[in-house]
Amino acid sequence: MCMTGNFRLCAFADEASPDLDGQIRALGENHIGYIELRGVDGKNVSALSTAEAREVRKKLDAAGISVWSIGSPAGKTNIRDSFDDARDGFARIAEIAEITGAQCIRMFSFYGTDESQSCFDEVCRRIDSFIELSKGCGARLCHENEKKIYGDTPEHCLRLLEALPGLTAVFDPANFVQCGADPLAAWEMLGSHVFYAHIKDADKSGANLPAGRGVGRIPELLPRFREAGIEVLTLEPHLTHFTGLSSLENGAKHTTGAEYHFSDCREAFDFACASLRGLLCMAE
């Protein structure tokens, strides 16, 4: 039987089912022991009450599933908007991370940014506030490269990571493709700052594809991840429209490779899991 190449596998299981029970089934049946919490029973993870977060932890513990990361929307607000609500929202996310035992909090670096020094300084000020708020919750703050935020290109990501010692990175190959960057070159620039990776692939047009079918350089990146000591891979396939997807894309239209059609979200999720395991087998 093929192993996982010493990686621990995680997933955004809301891509399999909007409800937590369905997510637990999908993870268990695909032999994945970690979850990156994002959508839970139709709510974004950041909107969970204390009681709801405790119930999520209880159900996951009973199923033998650990929360690896809070897939939070922190930093997906406009840099020109007041920071008060975003700061209060992040304090809530840190509390949820502590309740669920998450080891990481995924976050972003704001929409509406530009190349000015003043804008960079404001981005850093806001992220530094997140870093301070995250202290004590036991979770590491991980910046994800994403379209249309400050940290979209490898160069911008590196600038942030060097300026903010309390920040690490989650590496998303498909997002670099969609920003016109070569993921392998991005890894060479950022690898020493990366704590874990998202497994998501895309073709040259930006349409999402199963891992290894696009130009995200995932087959080449996997051994580099292993050599660098990356332990966790979070599957984020985006192979079909799932509950909450539209809110993640900042108004952009989501596309998937035309040759891939699935009857439902669970079928797409299972296919994505099998594709990743196939790549891991080839890399052994």
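These numbers come from a predicted model, not from an experiment.

## As for the overall build of the protein
Argument step 1. Along the backbone of the protein there are ten helices and twelve strands.
Argument step 2. For the protein, whose C-alpha radius of gyration is 18 Å, the value lies close to the compact-globule estimate of 19 Å for 284 residues.
Argument step 3. Considering only C-alpha atoms, the protein reaches an extent of 50 × 45 × 35 Å along its principal axes.
Argument step 4. In the protein, which comprises 284 residues, the share counted as buried stands at 54%.
Argument step 5. Counting only carbon and sulfur atoms, one obtains 50% of the accessible surface of the protein, whose full area is about 11,700 Å².
Argument step 6. Where the 29 positive side-chain charges of the protein centre and where its 42 negative ones centre are 2 Å apart.

## Let's talk about helix H3 (residues 84–100)
Argument step 1. With 17 residues, H3 extends 25 Å from end C-alpha to end C-alpha; this agrees with the ideal 24 Å at 1.5 Å per step.
Argument step 2. For H3, every residue scored as buried is listed here: Ala-86, Phe-90, Arg-92, Ile-93, Ala-94, Ile-96, Ala-97, Ile-99 and Thr-100.
Argument step 3. Those residues of H3 that are buried are in contact with strand S2 (34–37), helix H2 (50–63), strand S5 (66–71), strand S6 (104–107), helix H4 (117–134) and strand S7 (140–144).
Argument step 4. Phi turns positive one or two residues past the end of H3, at Gly-101, with a value near 75°.

## A closer look at H2
Argument step 1. Taking 1.5 Å per residue as the helical rise, H2 with its 14 residues ought to reach 20 Å, and the 20 Å between its terminal C-alpha atoms agrees with that figure.
Argument step 2. Looking at the buried residues of H2, the elements they touch are helix H1 (20–29), S2, strand S3 (39–40), S5 and H3.
Argument step 3. Of the residues trailing H2, Gly-64 is marked for its positive phi of about 75°.

## Some remarks on the pattern of salt bridges
Between side chains of opposite charge, a pair can form when the charged atoms approach closely.
Argument step 1. Going through the model one piece at a time under the given rule, you end up with 23 salt bridges.
Argument step 2. Taking the shortest distance from any N to any O, the salt bridge between Glu-15 and Arg-38 comes out at 3.2 Å. Placement of Glu-15 in the loop between strand S1 (8–11) and H1 and of Arg-38 in the loop between S2 and S3 is noted, with a sequence separation of 23 residues between them. This pair shows no difference in class: Glu-15 is buried, exactly as Arg-38 is.
Argument step 3. It is possible to trace a salt-bridge network through shared partners that takes in Asp-14, Glu-15, Arg-38, Asp-172, Lys-200 and Glu-236.

## Here we look at unusual backbone geometry
Argument step 1. A positive phi angle, near 55°, is found at His-31, a position not held by glycine.
Argument step 2. Mapped onto the secondary structure, His-31 falls in the loop between H1 and S2.
Argument step 3. Taking relative accessible area as the criterion, His-31 reaches 64% and is therefore assigned exposed.
Argument step 4. The residue Arg-217 is not glycine, and still its phi comes out positive at about 60°.
Argument step 5. Tracing the sequence through the fold places Arg-217 in the loop between strand S11 (208–209) and helix H8 (218–227).

## Remarks on the state of the cysteines
Argument step 1. With the rule as written, the count across this model stands at zero disulfides.
Argument step 2. Considering cysteine sulfurs only, Cys-104 is the nearest to Cys-10, which forms no disulfide, with 8.8 Å between them.

## Structural notes on empty space enclosed by the protein
Argument step 1. Counted by the stated rule, this structure contains three cavities of 30 Å³ or more.
Argument step 2. Taken as a whole, the second largest cavity spans an internal volume of roughly 50 Å³.
Argument step 3. Taken together, His-143, Asn-145, Cys-157, Leu-161, Ala-169, Val-170, Phe-171, Phe-176, Leu-190 and Val-194 make up the full set of residues lining the second largest cavity.
Argument step 4. Residue assignment for the lining of the second largest cavity shows that the elements contributing at least two residues are helix H5 (154–163) and strand S8 (168–171).
Argument step 5. With three residues, S8 is the largest single contributor of residues to the lining of the second largest cavity.
Argument step 6. Here the residues of the lining of the second largest cavity sort into eight nonpolar, two polar and no charged.

## Focus: the side chain of Arg-92
Argument step 1. Looking at the secondary structure, you find Arg-92 in helix H3.
Argument step 2. A polar contact of 3.4 Å, which involves the side chain of Arg-92, links it to the side chain of Thr-50.
Argument step 3. Here Arg-92 is in contact with Ser-46, Leu-48, Ser-49 and Thr-50, once residues within four sequence places are set aside.

## Focus: the packing of helix H7 (residues 183–190) against H8
A packed helix pair is summarised by two numbers, namely the angle formed by the two axes and the spacing between the axes.
Argument step 1. Contact pair H7 / H8: the axes reach a minimum separation of 10 Å and the direction vectors enclose 15°. It follows that H7 is roughly parallel to H8 by the angle criterion. Remark: the crossing between H7 and H8 carries left-handed chirality. Across from Pro-183, Leu-184, Trp-187 and Glu-188 in H7, the residues of H8 making contact are Glu-220, Leu-221, Arg-224 and Phe-225.
Argument step 2. For the contact of H7 with H8, the class distribution of residues is five nonpolar, no polar and three charged.

Definitions and cut-offs
- Residues numbered from 1 in each chain as written.
- Predicted model: local features only at pLDDT ≥ 70, side-chain atom pairs only at ≥ 80, totals over all residues.
- Heavy atoms only, no water.
- Helix = DSSP H or I, 4+ residues; strand = E, 2+ residues; numbered from the N terminus.
- Rg over C-alpha atoms; globule rule 2.2 N^0.38 Å.
- Buried < 20%, exposed > 50% of the residue type's maximum accessible area, 1.4 Å probe, protein only.
- Areas by Shrake-Rupley, 256 points an atom, 1.4 Å probe, with all protein chains shown as cover.
- Lys, Arg positive; Asp, Glu negative; His and termini not counted.
- Charge placed at Lys NZ, Arg CZ, Asp CG, Glu CD.
- Expected span 1.5 Å × (residues − 1).
- Contact = heavy atoms within 4.5 Å.
- Salt bridge = Lys/Arg side-chain N within 4 Å of Asp/Glu carboxyl O.
- Disulfide = S-S within 2.5 Å.
- 1 Å grid on protein atoms, 1.4 Å probe; cavity = no way out; pocket = protein on both sides within 12 Å on 5 of 7 lines; lining within 4 Å.
- Points joined across faces, edges and corners; volume = space filled by probe spheres on them.
- Nonpolar A, V, L, I, M, F, W, Y, C, P; charged D, E, K, R; others polar.
- Polar contact = N/O pair within 3.5 Å; in protein donor to acceptor, adjacent residues only side chain to side chain.
- Axes fitted to C-alpha atoms, helices over the stretch in contact; angles between N-to-C directions.
- Parallel < 35°, antiparallel > 145°, perpendicular 65-115°, else oblique.
- Left-handed = near helix turned anticlockwise from the far one by under 90°.

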